[in-house]
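In case you want the letters, here they are:
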Amino acid sequence: MARAVTTNRKVINTAFAWGIGLLIFFPILWTILTSFKTEATAIADPPVFLFFDWTLENYQVVQERSNYARFLWNSVIIAGGSTVLGIIIAIPAAWSMAFVPSRRTKDILLWMLSTKMLPAVGVLYPIYLIFIELGLLDTRIGLVIVLMLINLPIIVWMLYTYFREIPGEILEASRMDGASLRDEILYVLTPMAVPGIASTLLLNFILAWNEAFWTLNLTAAKAAPLTAFIASYSSPEGLFYAKLSAASTMAIAPILILGWFSQKQLVRGLTFGAVK
Amino acid sequence: MGQIKLEKVTKSFGDVEVIPPLDLTIGEGEFTVFVGPSGCGKSTLLRLIAGLEDISSGQITIDGQDATNVPPAKRRLAMVFQSYALYPHMSVRKNIAFPLRMAKLDQAEQDKRVEQAASVLNLTDYLDRRPGQLSGGQRQRVAIGRAIVREPAAFLFDEPLSNLDAALRVGMRLEISELHKRLATTMIYVTHDQVEAMTMADKIVVLRAGHIEQVGSPLELYRTPRNLFVAGFIGSPKMNHIDGAEAAKHSAKTIGVRPEHIDVVDGEGVWQGTVGVAEHLGSDTFFHIHGTGIAETLTVRATGEVDFRHGDRIGLVPRADQIHRFDDQGLRMP
C-alpha cells in the first residue's frame, strides 16, 4: 500500500527542502550579487541585499587586469585531460576488478580509496621536487598527471560499481563469439556502461575543475587555471571583495552551467548502485 | 568435426573440488545432454568445455587438438546462455552478426549469413529491433541465431529454455531438435529437466556432485539405470523405491518399480492400498497410494481415464519383468 502523504506534510517537506537548498546556495548567490556592487557597497554595514546600483565595473577591471580566456583554457585542458586520461586507465582496471575479481580485490579497492584520506600537503614536498626534476612545474601536462592520479581512485571505484551491474554472461557471450579482450571492452562493455561512464566523466571533470591545492602550488603564470585566477584577487594587504566576487563568478560560471544541464546524469551517477 | 574429449578433467574452487577426475567423450554430431540436480556441476562442466573456466588439471581436446589452454574465442564453440546474454545496445541484426564481425568476414558475407539465420529462425521481421523489444522466445531465437551463423564445431546450451513458459518451452525444444537434425553439428545441452533430456538427447550424461553416474541413450537409462540415483532421476513420475521385506522377496536391498509398470485392479492385487490424491490428466491418471505397508507412498500411472477416487481401496499388480533390483550400495543387480 502506498504511504498516504497529506497535503500539509507535502507543504512542510517542500518548504524544508527549499530552505536547505537556499542555505547551501546563499554564499554563491551572495558572491554573484557582490560582483555587481561597487567596492564601497560590498563592505557596507549593514549589508545591502538587492537594492544597490548595479554595475559591471568589476568585470571590466578583472578582464583588463588578467586574461580570463587563458585561465579558462588552462582549466579546460587540465580538468578535461586528467579526466579522459583517468577514464582510459580506469576502464581496464575496473573491468578486471568487476569481472575477474581475486580474493584481494576488495582490499585493493579500499586501499586505493584510502589514499584519498591522506592530507594532500603530506606529499606536496616530494611531488614538488619530482616536478622540478622532470621540468613539469607550471606545465599543463604536469597538472593533468597529478589531478589524474588524485582522482583515479574515485574513477576506478565509480566504474567498478557500474560494471558490477552489467551481467557477466554478456561479456562471456562476447568471448564465445570470438571477441578479444580489446573487442570485448570496446564493443560490448563500454557501450553498455555509457551512462555510468558519462556520470563518472562529469563528476571527475567537476572535481578537477575545482581542485585548488595542487593547481595553486604547482603553477605560476603559464599553466594557472581558474582557481589561480580567483586566488590572485584575494590578497592579505587589501581585500577587494567586489572584484574577488567578479573573478569567482567568472570562474565558477562554466562549471555551474555544465552542472545545471547535466543534473540528471550527476544525480544518477551519485546514487547508482545505492538502490536497486 | 566436433568431437570433444575430456581426460581426467578436474575443477576446484579454492579447496572445494567440484569436478573430481572425469573422463568423457562426446562424439561427432552427437546431441549430448548433461542432466542432474542443481549444484551437480553440469553447468561448470559446460563452462570448462567452453573455456570460460580454467580446468584445474587434465586435458580437453576438440577434434583431436589440445584445447586445454585455448581461450574461448578460439575454440570454435558457440554457446547459448540461460539468460540469452544478448547485447542490449545492438539491434537483432548486429547481435547475430557480432561473431561474424569478430571473425572479420566481409560485409556482404555477413549480411547473407544473417539473413539466412533470420529466415531459419523466423526473425526476419525483427532484425532492426533491440533485444529489449522482443519476447522471451524471440530473444532465445536471437541467441540461437548468433550461435549458428558462425558454423561452429559444436554448440553449447546452458539451460536455454528454463526462462520460458511451459508452452513455449515445448515449441523451442522441438525447434532445437530440428536444428540438430538439419545441421548435424555436435550439441551439448545442460538441463535439470529430465523430460528435456529424454526427448532431445542421443546420449544422456547423468551427473551428481561432479561425478558421472551413468552415460547412455535415453532408453538405456530408462530401462537399465545403473544405480538408485539414476533410477530415481530418469522417468516421470519418479520410480517407486521399496525397501525391507518386500525387497528381500526378490533377494535385493531395494527394488524399484516405475509408476507405469504397476497395474491397478479393482479388488485383490499383489499389494493393496488406499487412493490418496488422484490426478486425472485425461490421457493418464496418476494415483498416489497410501497404506500399502511396503512404502509410505506409491505412485501409479494408469493409461486413460480410470475412475478411482480419493479413499478408494484398490489392488496393485507390479509387472514381474519390470522390477529393478538394487544391492546395499544402491547399485543395480543383474
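Residues numbered from 1 in each chain as written. Chains lettered and ligands numbered in written order. Predicted model: local features only at pLDDT ≥ 70, side-chain atom pairs only at ≥ 80, totals over all residues.

**Digging into the sheet that holds strand β15 (residues 284-290) of chain B**
Residues and elements named next belong to chain B. The following threshold applies: We treat two strands as partners when DSSP finds at least two bridges between them. In this description a helix means any DSSP run of H or I spanning at least four residues, a strand means any run of E spanning at least two, and both kinds are numbered starting from the N terminus. Only the stretch in contact is used when a helix axis is fitted, and all axes are lines through C-alpha atoms; the angle between N-to-C directions ranges over 0 to 180 degrees.
Read across the open sheet, the five strands follow the order β13-β17-β14-β15-β16; overall the sheet is antiparallel. At either margin of the open sheet sits one strand with a lone partner, and together these are β13 (262-265) and β16 (298-303). On average, adjacent strands in this sheet sit at an angle of 45° to one another, irrespective of strand direction.

**Observations regarding helix α13 (residues 241-261) of chain A**
Residues and elements named next belong to chain A. Where we set the bar: Under the convention used throughout, the expected extent of a helix is 1.5 Å for every residue step, that is, one less than its residue count. To obtain the bend at a residue, axes are fitted to the seven residues ending there and to the seven starting there, and the angle between these axes is taken. Exposure classes come from backbone-placed C-beta atoms, where a residue is buried if 20 or more other C-beta atoms lie within 10 Å of its own, exposed if 12 or fewer do, and partly exposed in between. Residue pairs are scored as contacts if the distance between their C-beta atoms, which are placed from the backbone, is within 7 Å.
For α13, spanning 21 residues, the distance from its first C-alpha to its last is 29 Å, which sits close to the expected 30 Å at 1.5 Å a residue. In the structure, α13 departs most strongly from a straight axis at Ala253, where the bend amounts to approximately 40° and where the proline Pro254 lies between one and four residues downstream. Residues of α13 that are buried: Ala242, Lys243, Leu244, Ser245, Ala246, Ala247, Ser248, Thr249, Met250 and Ala251. Buried positions along α13 lie against α1 (7-34), α2 (39-42), α3 (57-65), α4 (68-99) and α12 (226-231).

**Looking at the domain arrangement of chain B**
What counts is decided by this rule: What counts as a domain boundary in this text is fixed by an automatic or database domain assignment.
Here chain B is described as being made up of domain 1 (4-230) and domain 2 (237-326). Here domain 1 of chain B and domain 2 of chain B have C-alpha centroids that lie 38 Å from each other.

**A closer look at the pairing of strand β9 (residues 203-208) of chain B**
Remember that side chains alternate between the two faces of the sheet whenever the strand is regular. All names here are of chain B. Of all six residues making up β9, five are buried, and the element is well covered by its neighbours. Bridging between strand β3 (residues 31-35) and β9 involves four bridges; their strand directions are parallel. Residue pairing in the sheet places Thr32 in a bridge with Lys203 of β9. With five bridges joining them, β9 and strand β10 (residues 211-216) adopt antiparallel strand pairing.

**Points about the interface of chain A and chain B**
Rules: Any residue outside Ala, Val, Leu, Ile, Met, Phe, Trp, Tyr, Cys, Pro, Asp, Glu, Lys and Arg is labelled polar, Gly included; the first ten of those are nonpolar and the last four are charged.
Counting from both sides, the interface comprises 15 residues of chain A and, opposite them, 18 residues of chain B. Counting residues per element, the side of chain A that touches chain B draws most heavily on helix α8 (residues 168-176) of chain A, which supplies six residues. Partitioned by chemical class, the residues of the side of chain A that touches chain B number eight nonpolar, two polar and five charged.

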